There are 2 protein chains.
Amino acid sequence: MAETEPDTAPETAEPPIQAEDLIGLNPSLSRSISQALDDGDDDAVNSLIEPLHYVEIANLLEQMHPESRRMFVEHHSSNFDPEILPELDENVRNEVAEILGINTLSTAVSMLESDDALNLLSTLEDSRRDSVMAAVPAAVRTALAEGLKFAEDSAGRLMQRDFVAVPAFWTVGETIDFLRDSVDLPNDFYDVFIVDPGHRPIGTVTLSRILRSKRPVQMDEIMQPEILSVPVTMDQEEVAYIFSQYHLVSAPVIDDGGRLIGVIMVDDVVEVIHEEAEEDFMRLGGVREDDLYAAVLDTGRSRFSWLFVNLGTALLASIVIGFFQGTIEQIVMLAVLMPIAASMGGNAGTQTLTVVVRAIAMKEITGANAGRVISKEILVGIFNGLMFAVIIGAAAWLWTGELPIGLVMAAAIIVTMFVAGLAGTAIPLGLSRTGVDPAVASGVFLTTITDVVAFCAFLGLASLFLL
Amino acid sequence: MAETEPDTAPETAEPPIQAEDLIGLNPSLSRSISQALDDGDDDAVNSLIEPLHYVEIANLLEQMHPESRRMFVEHHSSNFDPEILPELDENVRNEVAEILGINTLSTAVSMLESDDALNLLSTLEDSRRDSVMAAVPAAVRTALAEGLKFAEDSAGRLMQRDFVAVPAFWTVGETIDFLRDSVDLPNDFYDVFIVDPGHRPIGTVTLSRILRSKRPVQMDEIMQPEILSVPVTMDQEEVAYIFSQYHLVSAPVIDDGGRLIGVIMVDDVVEVIHEEAEEDFMRLGGVREDDLYAAVLDTGRSRFSWLFVNLGTALLASIVIGFFQGTIEQIVMLAVLMPIAASMGGNAGTQTLTVVVRAIAMKEITGANAGRVISKEILVGIFNGLMFAVIIGAAAWLWTGELPIGLVMAAAIIVTMFVAGLAGTAIPLGLSRTGVDPAVASGVFLTTITDVVAFCAFLGLASLFLL
């Protein structure tokens, strides 16, 4: 699998150690498992997957041919590890859920941690979700129904409902005894929350601090009093922002009344950061969401709409060129050169746009520095505009043998790249001010503007000065 | 600051809770601090920043005008919180480091945790780093020099050198007594590592498990034996991959001999995930790195090289168009329509490229499914190629009144979008096989190919059938 990991290309003679060298799943094992499945040799399959982590089985399932996947799940539905399900891509997950059937699914949902169970349920098709909900034990159903009331992508969906909270007047000794004797605590936890009589969080104590304190010490003496509580309705993107800004390991989640109702752990936030980064990346590339595992028709249809919007941009550019047909008729070379101005404007604008869209997502642009960012990008546009005006102008002069064409080209490049810098900052800032996600729509507006400006400037100046 | 947060636009009447509502820094406070700085009122500045977290002071510094920043740092260098430094953008950090001077810097380096200190040192200018190293206490210097030997972006730079490791035969009681009595333990830790006599990690025990076990229980009875040890030379991107795939909270770091030498915590990995996601995002947009806080000239120069490479692409497209000057001379409308084919090809190819580049980075494409991904993207290309051939062909026919032009356009769109699907998968897969980062170079190759194919197909077919 060395071919899929260019970033760690060897800089010395020794090959770099890659994640694949440490983990259980490798291409040759994948092939052996496929072979055993094709042969119908269940024992061989079982012994091959036995040492694998559930994450690795999920990866294996994703990469399998749909037919092998069906066979695999059918033959192993009785001992199917529920932890595999939340790891699967949504498309693959629904496929697997269909094969597993309602009974196995409802057992899985009952066994998973609350955030994973909710995540799984929320991605199932509606009718399947209802059947699963009807099949789980009543206590689980109540908890899940409560969880499903929180908006998707909210802190409520992300949090664990199991946590440890003790009153401020307890001693370290009392707390340790409580921890030892309670049976329904989470498997692993890292902090103990301190709550007031209204069950509102007022501080945290890390387990290492409890372990290192004497038994008679009171909890509020060793607690970290400043804590950031996350409202249960907060969007997961905001939660991730807070965790990464403040290097949090866990954070309490509170309801409207400020009462502690759950805890979010940093490892759940890691997934959110991945998702949100992926979302921005995909949107910049004109894809609604990662569709690697989606069917051809679904993928084609979902990408169609973006291409259709872009077609509008392209048509607009064509209409602009259409105004100058007479000019092109007289100097055909203009048609040859005009895409250069449009391409430079589009690329320069995209550079600016990329930096600004990312800065908006990271909350790095505020009222205090927006003006400075815009002026800087305009200056960068003028700087590179001048550089490329010289280079491209000279190239056009040499190619056509006509100095005036070179001069018109140079002027068009300066105008276009100035506008690219301005539009690359103003469009995303303007969109985000009106509540539109700048990552989605900025690109279309930008290339529309840079194309129109480039063609207008180049062909317009040519009409004025060359005819 | 509502304008910078489009993703959480209100869906109900109630405004969504944003990170800004919870944290200490807000635009009006920023303005008050700037005002107090301008007035030279140090007491006011001090009382305004007193409640702020170091992360917030770092954000404040980044957003300040360079002049205010200088004033702020100069007036507060004596009580400058060292934790602020690692939080700063590299450009701002070097500016602040210059103002602080070697003495304050070396004190800061000695006080920071080992990974933060290394990170800070490695971004300082060479001469300043040497001076700081000369000024820190000898013990700190030795540890730092050792750390600097590890490659940048390796696990060795990411790890903490402080961790807790005990032998397998110790009891819970002995471990707890050891934790209570040791003075040089890390402030907060979440796991205790179990090591064999050769100091190789053989398991972990979470603190919650230690707390909930009886004192006479032996550590190896409660340890989690399967642990993934990270080699100290591993690239941070691989480390982040392992953490997020396996939902790790911490992982031991081992040297060549397999001995435990450090620990990486998930909160350090969160930063790496941010960095790596940002890197891919920036590269897709043609920017080497986030340059929001860089000077105009530096930004202009660093973006120039990417634009220059793209100029080559644009010139190649122009040369292709140049071959068909005779054809354009006879039917000028071709020059008006030709950018549409190129634009559709470029956009469709970029969609495919985005999904494939991301999948390569996430190690989701292996030998087992590469063929399937390529065939799927080609089918998607043909699907949308057929749809848009009908739409754009009809539009071209209506616009020009010439059915043959519509047919040539339709054929060119099908060819271009088929090639876009093929090139959008084949280019990144091929690049990564040769060890080049597909996020950096794929875009140029792709648009070169889609432009050349689009112009060749449209103008070539026009030459054959319309003249």
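Everything quoted here is computed from the prediction, not taken from an experiment.

Novice: How do you make sense of a negative patch on the surface when you look at a structure like this?
Specialist: Residues and elements named next belong to chain B. A surface patch of like charges, here negative, comprises Asp81, Glu83, Glu113, Asp162, Asp184 and Asp188. Mapped onto the elements, glutamate 83 comes out in the loop between helix H5 (66-76) and helix H6 (84-87). For glutamate 83, a relative accessible area of 31% corresponds to the partly exposed category.

Novice: When you look at the sheet that holds strand S1 (residues 165-167) of chain A in this model, what are you seeing that I'm missing?
Specialist: Sheets are built from strands that pair by backbone hydrogen bonding, the pairs being arranged parallel or antiparallel. Residue and element names in this part refer to chain A. Across the sheet, which stays open at both edges, the three strands sit in the order S1-S2-S3 with mixed pairing between neighbours. Two strands close off the open sheet at either side, each with one partner strand: S1 and strand S3 (201-206). Each neighbouring strand pair of the sheet contributes to a mean axis angle of 35°, computed without reference to strand direction. Pairing geometry for strand S2 (residues 191-195) and S3, over five bridges, is antiparallel. Directly across from phenylalanine 193, in S3, lies its bridge partner threonine 204.

Novice: Quick question: what am I supposed to make of the domain arrangement of chain A here?
Specialist: By a frequent convention, interface size equals the accessible area lost on bringing the separate parts together. All names here are of chain A. Domain annotation for chain A reports domain 1 (2-6 + 16-149), domain 2 (165-284) and domain 3 (296-465). In this structure, domain 2 and domain 3 have C-alpha centres spaced 48 Å apart. At the junction of the two partners, domain 2 supplies five residues and domain 3 supplies seven residues. Per-residue buried area on domain 2 facing domain 3 is highest for Tyr241, Arg283 and Leu284; these three make up 68% of the total on that side. Applying the counting criterion to the domain 2 and domain 3 interface returns two salt bridges. Note that aspartate 437 and arginine 283 form a salt bridge whose closest N and O atoms lie 2.2 Å from each other. Put simply, the parts of the chain that give the side of domain 2 that touches domain 3 at least two residues each are helix H15 (236-246) and helix H16 (266-284). Here the side of domain 2 that touches domain 3 is composed, by residue class, of two nonpolar, no polar and three charged.

Novice: Would you mind showing me how to read the pairing of S3 of chain A here?
Specialist: Looking along a regular strand, one sees side chains alternate from face to face of the sheet. Here S3 of chain A lies mainly inside the structure; five of its six residues are buried. Counting the residues that bridge the hairpin from S2 of chain A to S3 of chain A gives five residues, and of these histidine 199 of chain A lies at a positive phi of roughly 65°.

Novice: Quick question: what am I supposed to make of the sheet that holds strand S3 (residues 201-206) of chain B here?
Specialist: Residues and elements named next belong to chain B. The strand order across the open sheet built from three strands is S1-S2-S3, with neighbouring strands paired in mixed fashion. Because the sheet does not close on itself, it has two edges, and the strands there are strand S1 (165-167) and S3. When strand polarity is set aside, the average angle formed by the axes of neighbouring strands in this sheet is 35°.

Novice: Sorry if this is basic, but what is going on with the relation of the copies chain A and chain B here?
Specialist: Each of the two chain copies can be brought onto the other by rotation about an axis and movement along it. The operation relating chain A to chain B is a screw motion whose rotation component is 180°, with 0.0 Å of axial translation and a residual RMSD of 0.1 Å. Such a combination of turn and shift is consistent with a two-fold rotation axis. A symmetric contact is evident, with 100% of the interface residues of chain A recurring at the interface of chain B.

Novice: Is there a simple way to explain the interface of chain A and chain B in this structure?
Specialist: On the chain B side, the residues contacting the 153 residues of chain A number 153 residues. Between chain A and chain B lies a buried interface of about 13,800 Å² when both sides are counted; carbon and sulfur atoms form 65% of it. Of all residues in chain A, Leu211, Arg212 and Phe281 of chain A bury the most surface against chain B, accounting for 6% of the area lost on that side. Joining chain A to chain B, the criterion identifies four salt bridges. Across the chain A-chain B interface, the total number found is 50 residue pairs in polar contact (both at pLDDT 80 or more). The element that contributes the greatest number of residues to the side of chain A that touches chain B is helix H19 (residues 333-361) of chain A, accounting for 20 residues. Partitioning the side of chain A that touches chain B into residue classes produces 82 nonpolar, 37 polar and 34 charged.

Novice: Just to check I follow, could you spell out the packing of aromatic side chains for this structure?
Specialist: In this description, an aromatic ring pair is defined by two values, namely the gap between the centres and the angle between the planes. Applying the stated criterion to the full structure yields eight aromatic pairs over all chains. With centroids separated by 6.5 Å and ring planes inclined at 35°, the aromatic side chains of phenylalanine 308 of chain A and phenylalanine 388 of chain B adopt a geometry described as tilted. Taken together, the residues span two chains, with phenylalanine 308 of chain A in helix H17 (residues 296-323) and phenylalanine 388 of chain B in helix H20 (residues 370-400). Looking at phenylalanine 388 of chain B, the relative accessible area reads 0%, which means it is buried. Every member of this aromatic cluster is reached through a ring pair, and the members are Phe304 and Phe308 of chain A together with Phe388 of chain B. Stacked on the ring of tyrosine 241 of chain A, the Lys or Arg lysine 363 of chain A has its end atom at 5.2 Å from the ring centre.

Novice: Would you explain the packing of helix H3 (residues 42-49) of chain A against helix H5 (residues 66-76) of chain A in this entry?
Specialist: Two packed helices can be described by the angle between their axes and the distance between those axes. All names here are of chain A. Orientation of H3 relative to H5, taken along the N-to-C sense of each, is 90°, at an axis distance of 11 Å. For the element pair H3 / H5, the angle class is roughly perpendicular. In this structure, H3 uses Asp42, Val45, Asn46 and Ile49 to contact H5, whose residues at the interface are Phe72, His75 and His76. Its residues assigned to classes, the contact of H3 with H5 shows three nonpolar, three polar and one charged.

Novice: Honestly, the side chain of serine 106 of chain A in this entry has me stumped. Any pointers?
Specialist: Residue and element names in this part refer to chain A. Tracing the backbone through its elements, the reader meets serine 106 in helix H7 (residues 90-111). Judged by its relative accessible area of 6%, serine 106 is buried. At 2.9 Å, the side chain of serine 106 and the backbone oxygen of asparagine 103 are in polar contact.

Definitions and limits used
- Residues numbered from 1 in each chain as written.
- Chains lettered and ligands numbered in written order.
- Predicted model: local features only at pLDDT ≥ 70, side-chain atom pairs only at ≥ 80, totals over all residues.
- Heavy atoms only, no water.
- Patch = residues over 30% accessible without salt bridge, like charges linked within 9 Å, V, L, I, M, F, W, Y side chains within 5 Å.
- Areas by Shrake-Rupley, 256 points an atom, 1.4 Å probe, with all protein chains shown as cover.
- Salt bridge = Lys/Arg side-chain N within 4 Å of Asp/Glu carboxyl O.
- Lys, Arg positive; Asp, Glu negative; His and termini not counted.
- Charge placed at Lys NZ, Arg CZ, Asp CG, Glu CD.
- Helix = DSSP H or I, 4+ residues; strand = E, 2+ residues; numbered from the N terminus.
- Buried < 20%, exposed > 50% of the residue type's maximum accessible area, 1.4 Å probe, protein only.
- Pairing = 2+ DSSP bridges.
- Axes fitted to C-alpha atoms, helices over the stretch in contact; angles between N-to-C directions.
- Domains from an automatic or database assignment.
- Contact = heavy atoms within 4.5 Å.
- Buried area = accessible area lost by both parts, 1.4 Å probe.
- Nonpolar A, V, L, I, M, F, W, Y, C, P; charged D, E, K, R; others polar.
- Least-squares fit on C-alpha atoms with pLDDT ≥ 70 in both.
- Polar contact = N/O pair within 3.5 Å; in protein donor to acceptor, adjacent residues only side chain to side chain.
- Phe/Tyr/Trp six-rings, centres within 6.5 Å; stacked < 30°, edge-to-face > 60°.
- Lys NZ or Arg CZ within 6 Å of the ring centre and 35° of its normal.
- Parallel < 35°, antiparallel > 145°, perpendicular 65-115°, else oblique.

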